[in-house]
Amino acid sequence: MKIYSTMARGKEELVPLTSGEIKMYSCGVTVYDLSHVGHARMLMVFDVIARYLRFAGYRVTFVRNFTDIDDKIIRRAGQEGVAAREVSERNITAFHADMAALGVQPPAAEPRATEHVPEMIALIERLVARGYAYGVDGDVYFEVRRFPAYGKLSGKNLDELQMGARVEVDERKRDPRDFALWKSAKPGEPSWDSPWGPGRPGWHIECSAMAVRYLGESFDIHGGGEDLIFPHHECEIAQTEADTGKPFARYWVHNGMVNMGREKMSKSLGNTLTIRDLVVRYDPAALRLFLLGTHYRSPLEWSEERVADSARALERLWRPVDDADKQGAGAGAITEPLPAALAGYRQRFIDAMDDDFNTPEALAALFDLSRALRADGISPQALVRGAQELRTLAGVLGLEGPRRDGLDESRIDRLIEERAEARRLRNFQRADEIRAEIERLGAILEDKPTGTGWRWKGR
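The structure displayed is predicted, hence computed values, not measured ones. (Residues numbered from 1 in each chain as written. Predicted model: local features only at pLDDT ≥ 70, side-chain atom pairs only at ≥ 80, totals over all residues. Heavy atoms only, no water.)

Here we take up the sheet that holds strand β5 (residues 133–136). Taking strand neighbours across the sheet as the criterion, the 4 strands line up as β5-β6-β7-β8 in an open arrangement whose pairing is antiparallel. Each edge of the open sheet is held by one strand with a lone partner, namely β5 and β8 (199–201). Here the average twist between neighbouring strands, direction ignored, is 20°. By the bridge criterion, 3 bridges tie strand β6 (residues 139–142) to strand β7 (residues 179–184) in an arrangement that is antiparallel. Residue pairing in the sheet places F142 in a bridge with F179 of β7. Each of β5, β6, β7 and β8 is contacted by helix α4 (residues 117–129), which is oriented at about 120° to β7, the strand it contacts most. (Pairing = 2+ DSSP bridges. Helix = DSSP H or I, 4+ residues; strand = E, 2+ residues; numbered from the N terminus. Axes fitted to C-alpha atoms, helices over the stretch in contact; angles between N-to-C directions. Contact = heavy atoms within 4.5 Å.)

Following this line, the structure appears as structure tokens:
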């Protein structure tokens with residue numbers, strides 16, 4: 001299995017630190033607002049990576065955090081006249097609902113920054129004691145020039161990092177590139193006691209403390225959106241490796257951004273599409289298919305037309321599964337070996353996913369399998385067994401069948417029986433009314449010499 005690591009700037013063979021086990025950390029969301037489709041892409045990417053690694057036989061420990069104390073959260077709380085904790089709790093609850101709607105599996109641990117402040121303080125104390133950090137008037141900064149490897153992830157040269165380059169300008173710093181580990185409390189802000197006085201942790205320190213707490217001083221995969229490479233992940237590496245003297249993560253995995261036109265999607269630009277709205281407007285499975293249809297490292301242009309196309313494609317993909325379910329073949333067909341004509345699609349799927357989680361190629365294998373199962377002359381046993389294979393492999397990508405919005409398939413079957421009776425009685429007006437009703441439910445009738453069948457629209 002090959003995986004692209006930002007640190008190596010190329011693909012490397014995946015060799016776990018512990019044989020048969022993968023420990024993975026992904027930076028989560030800052031819960032000052034609802035999550036948007038850019039977050040959805042990142043969350044789905046690491047959901048699929050974790051799913052596939054388990055499918056490949058690894059024991060996966062996946063940790064994803066919440067940033068639940070931050071300048072933006074405090075600012076939003078002030079605007080609303082509520083406590084910062086209320087803002088965080090409300091958006092964490094919404095986040096969990098969004099993940100359930102998208103089919104994103106929960107991680108093994110979901111630590112919150114506010115629950116791990118003692119670990120952060122202890123880490124900062126060690127960095128101060130070892131000469132990597134210094135305090136000024138209740139604030140603590142990491143001294144970047146004390147860590148010569150700073151920039152190794154992003155490829156930035158220390159000498160090129162000038163004042164103001166995504167780092168707060170503070171005349172009290174020894175160097176404008178130094179970043180905050182601890183921020184002294186301002187009036188009315190949430191704060192914790194520390195050796196430097198009341199305050200709260202800086203953004204970067206939280207992930208270092210929580211990743212080490214749950215995964216150890218060194219682990220396999222650290223990931224997030226590519227916008228986190230600098231400064232967030234660069235700072236994580238510096239402060240963690242300065243403390244432990246060990247490599248922090250073996251592979252650094254970053255997904256590309258979702259763009260609105262030519263602009264990166266961001267809350268600050270006001271051009272976001274919230275997950276809450278999207279899962280109402282679109283089938284979540286179609287949304288997942290759209291997001292996985294572009295390789296995770298490439299930028300993705302948001303397109304409502306392409307999501308609609310994905311919904312139609314999902315109907316085609318899932319048609320053999322629906323047909324097999326309606327056919328109701330016995331369990332014996334499911335336990336039979338996969339027919340030779342269908343056996344190669346799994347290996348194509350595996351080869352694609354083993355090549356840096358290439359979901360577009362993996363999806364191509366699934367669509368080809370679906371097409372083979374829709375071919376004329378396929379036996380009922382082969383259809384049922386092949387549909388089971390399609391469902392299994394699609395599940396590795398978190399893909400499920402199209403959303404039916406609670407429609408009862410048995411209702412369509414009953415309407416077909418009623419229509420057949422109306423035709424037998426030559427009540428063709430009623431028969432046409434029933435056909436129209438069935439079509440309003442999202443199905444299409446197929447009259448054949450052997451009887452009337454149906455399928456969902458879009459296939």
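Along the chain, D243 falls in helix α6 (residues 229–244). By relative accessible area, D243 is classed as buried at 13%. Excluding residues that lie within four positions of it along the chain, D243 makes contacts with L123, R126, L127 and R130. (Buried < 20%, exposed > 50% of the residue type's maximum accessible area, 1.4 Å probe, protein only.)

Turning our attention to the pairing of strand β1 (residues 2–5). Here β1 shows a buried face lined by I3 and S5 and an unburied face lined by K2 and Y4. Relative to strand β2 (residues 10–13), β1 is paired through 4 bridges, and the arrangement is antiparallel. By the bridge assignment for β2, I3 is matched with E12. Hairpin connection of β1 to β2: 4 residues between the antiparallel strands, including R9 at a positive phi of 60°.

Next up on the list: unusual backbone geometry. What is expected of a backbone is that most residues other than glycine have negative phi and most peptide bonds are trans. Of note, the bond from F230 into P231 is cis; its omega dihedral lies within 30 degrees of zero at 5°. Among the secondary structure elements, P231 is positioned in helix α6. The phi dihedral of R9 is positive, around 60°, even though this residue is not glycine. Relative to the helices and strands, R9 resides in the loop between β1 and β2. Assessed through its relative accessible area of 44%, R9 is described here as partly exposed. One non-glycine residue with positive phi stands out, namely D137, at about 55°. Checked against the element boundaries, D137 lands in the loop between β5 and β6.

As enumerated under the stated definition, the model contains 14 aromatic pairs in all. On the numbers, 5.2 Å between centres and 85° between planes, the contact of F66 with F95 is edge-to-face. With F66 in the loop between β4 (59–64) and α2 (71–80) and F95 in helix α3 (residues 84–102), this residue pair connects regions lying 29 residues apart in the sequence. Overall, the relative accessible area of 2% leaves F95 in the buried class. A ring pair is formed by Y134 and Y141, whose centres lie 5.9 Å apart and whose planes are at 40°; its orientation type is tilted. Taken together, the ring pairs in this structure connect Y132, F142, Y150, F179 and F230 into an aromatic cluster. Above the plane of the ring of F230 lies K156, whose end atom (NZ or CZ) is 5.1 Å from the centre. A cation over an aromatic ring shows up here: R174 above the ring of Y134, its NZ or CZ 4.1 Å from the ring centre. (Phe/Tyr/Trp six-rings, centres within 6.5 Å; stacked < 30°, edge-to-face > 60°. Lys NZ or Arg CZ within 6 Å of the ring centre and 35° of its normal.)

Below, the discussion takes up the confidence of the model for the chain. Model confidence for the chain is summarised by a mean pLDDT of 91, while 92% of its residues fall at 70 or above. Segment residues 163–167 is flagged for pLDDT under 50; beyond a separation of four residues in sequence, or across chains, it makes 11 contacts in the model. (pLDDT = per-residue confidence, 0-100.)

On to the nonpolar core. Core analysis: the largest hydrophobic core is formed by 82 residues, its most contacted members being L53, L102, W302, F349, L366 and L397. Among the elements that take part in this core, helix α1 (residues 37–55) stands out by supplying 12 residues, more than any other. Discounting chain neighbours no more than four positions away, the residues touching L53 are M1, L14, I22, Y58, V60, I221 and F357. One finds V63, A109, F179 and A238 within the second-largest nonpolar core, a separate group that totals 43 residues. (Core = buried A, V, L, I, M, F, W, Y, C linked by side-chain atoms within 4.5 Å.)

Successive residues of a regular strand alternate their side chains across the two faces of the sheet. Burial analysis of strand β3 (residues 21–26) places 5 of its 6 residues in the buried class, the great majority of the element. By the bridge criterion, 6 bridges tie β3 to β4 in an arrangement that is parallel. Following the sheet pairing, M24 is matched in β4 by F62. With α1 bridging β3 and the parallel β4, this β-α-β connection has right-handed handedness. Looking at chain direction, β3 and strand β9 (residues 219–225) are connected through 3 bridges and run parallel. Bridge assignment links M24 to a residue of β9, and that residue is I221. (Right-handed = clockwise from strand over helix to strand, strands pointing away.)

Looking now at the packing of α1 against helix α8 (residues 284–292). α8 packs onto α1 with a crossing angle of 80° between their chain directions and a minimal axis gap of 10 Å. The pairing of α1 with α8 is recorded here as roughly perpendicular in orientation. Together, V37, A40, R41, M44, D47, V48 and R51 of α1 and R288, L291 and L292 of α8 make up the contact between the two elements. Class assignment for the residues of the contact of α1 with α8 results in 6 nonpolar, no polar and 4 charged. (Parallel < 35°, antiparallel > 145°, perpendicular 65-115°, else oblique. Nonpolar A, V, L, I, M, F, W, Y, C, P; charged D, E, K, R; others polar.)

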